[in-house]
Amino acid sequence: MAQLYYKYGTMNSGKTIEILKVAHNYEEQDKPVVIMTSAIDTRDGFGIVSSRIGMKREAVPISDDMDIFAYIEGLDFKPYCILIDECQFLSKQNVYDLARVVDDLQVPVMAFGLKNDFQNELFEGSKYLLLLADKIEEIKTICQYCSKKATMVLRTENGKPVYQGAQIQIGGNETYIPVCRKHYFHPPLTKD
């Protein structure tokens, strides 16, 4: 039975590399998959899923107004799995479309992304995935400043923490740091 999976983790927890690994494993068995990503994240190009270790693949870009259900239903093949990167940026309707893909088309969907933003608020996509997902899994990584589990993302500007601003600011290691709760509120100037 197909299910909707939500796999979340902080920056640098290996979400994208997991997508690429799962896709590779299916495709090695001649089982086609569809890789999708938010149209918002264009750091490595429009419709590109890219990991920090250098692996990348083309993906179908998802905009807020895209009818994902109609897109998947209209394919000339039935995918074995749909893999979504940057799912935190999805709209409520996008997430409901993914649930319909699972329920009506019987295609498993694995959505990967951040749960909370740099202000510790849920992203829209994350909120609705937490509500609708059949299975929820945390992908763990450690705090940049200590050995505790990172549960938050610290936004920095010129090396200083930022706690106010627009929810969405696309960036990588130069902008965001995975941290534990303690170091979110009290980041050291240098690593402990």
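Everything that follows concerns the structure shown earlier in this document.
Just so you know, these numbers come straight off a predicted model, no measurement behind them. (Residues numbered from 1 in each chain as written. Predicted model: local features only at pLDDT ≥ 70, side-chain atom pairs only at ≥ 80, totals over all residues. Heavy atoms only, no water.)

Peer 1: Is there a simple way to explain the sheet that holds strand β10 (residues 160–162) in this structure?
Peer 2: Pairing between sheet strands relies on hydrogen bonds along the backbone, with the strands arranged either parallel or antiparallel. Read from one edge to the other, the open sheet built from 3 strands follows the order β10-β9-β11, with strand pairing classed as antiparallel. Unpaired on one side and paired on the other, β10 and β11 (176–179) mark the two borders of the sheet. Recorded for the sheet is a direction-independent mean angle of 50° between the axes of neighbouring strands. The pairing of strand β9 (residues 152–157) with β11 spans 4 bridges and is classified as antiparallel. Opposite R155, over in β11, you have Y176 as the bridge partner. (Pairing = 2+ DSSP bridges. Helix = DSSP H or I, 4+ residues; strand = E, 2+ residues; numbered from the N terminus. Axes fitted to C-alpha atoms, helices over the stretch in contact; angles between N-to-C directions.)

Peer 1: What am I meant to see in the packing of aromatic side chains here?
Peer 2: Two measures describe an aromatic ring pair: the distance that separates the ring centres and the angle between the ring planes. Overall, the coordinates contain 5 aromatic pairs when judged by the stated rule. With a centroid separation of 5.3 Å and 85° between ring planes, the pair formed by Y163 and Y184 is classed as edge-to-face. With Y163 in the loop between β10 and β11 and Y184 in helix α5 (residues 181–185), this residue pair connects regions lying 21 residues apart in the sequence. The exposure class assigned to Y163 is partly exposed, which follows from its relative accessible area of 29%. For the ring pair Y184 and F185, a centre distance of 5.0 Å and an interplane angle of 90° mean the geometry is edge-to-face. Classification of Y184 as buried rests on a relative accessible area of 4%. Accessibility expressed as a relative area gives 49% for F185, which makes it partly exposed. Put simply, the rings of Y163, Y184 and F185 pair up and form one aromatic cluster. (Phe/Tyr/Trp six-rings, centres within 6.5 Å; stacked < 30°, edge-to-face > 60°. Buried < 20%, exposed > 50% of the residue type's maximum accessible area, 1.4 Å probe, protein only.)

Peer 1: Hey, could you run me through helix α4 (residues 124–132) in this one?
Peer 2: Note on helix geometry: an α-helix contains 3.6 residues per turn, so any two residues three or four positions apart are oriented the same way. Every buried residue belonging to α4 is among G125, S126, Y128 and L129, and all of these are buried. At its buried positions, α4 is contacted by β1 (4–8), α3 (92–105) and β7 (109–113). (Contact = heavy atoms within 4.5 Å.)

By themselves, these are just geometric observations and shouldn't be taken as functional.
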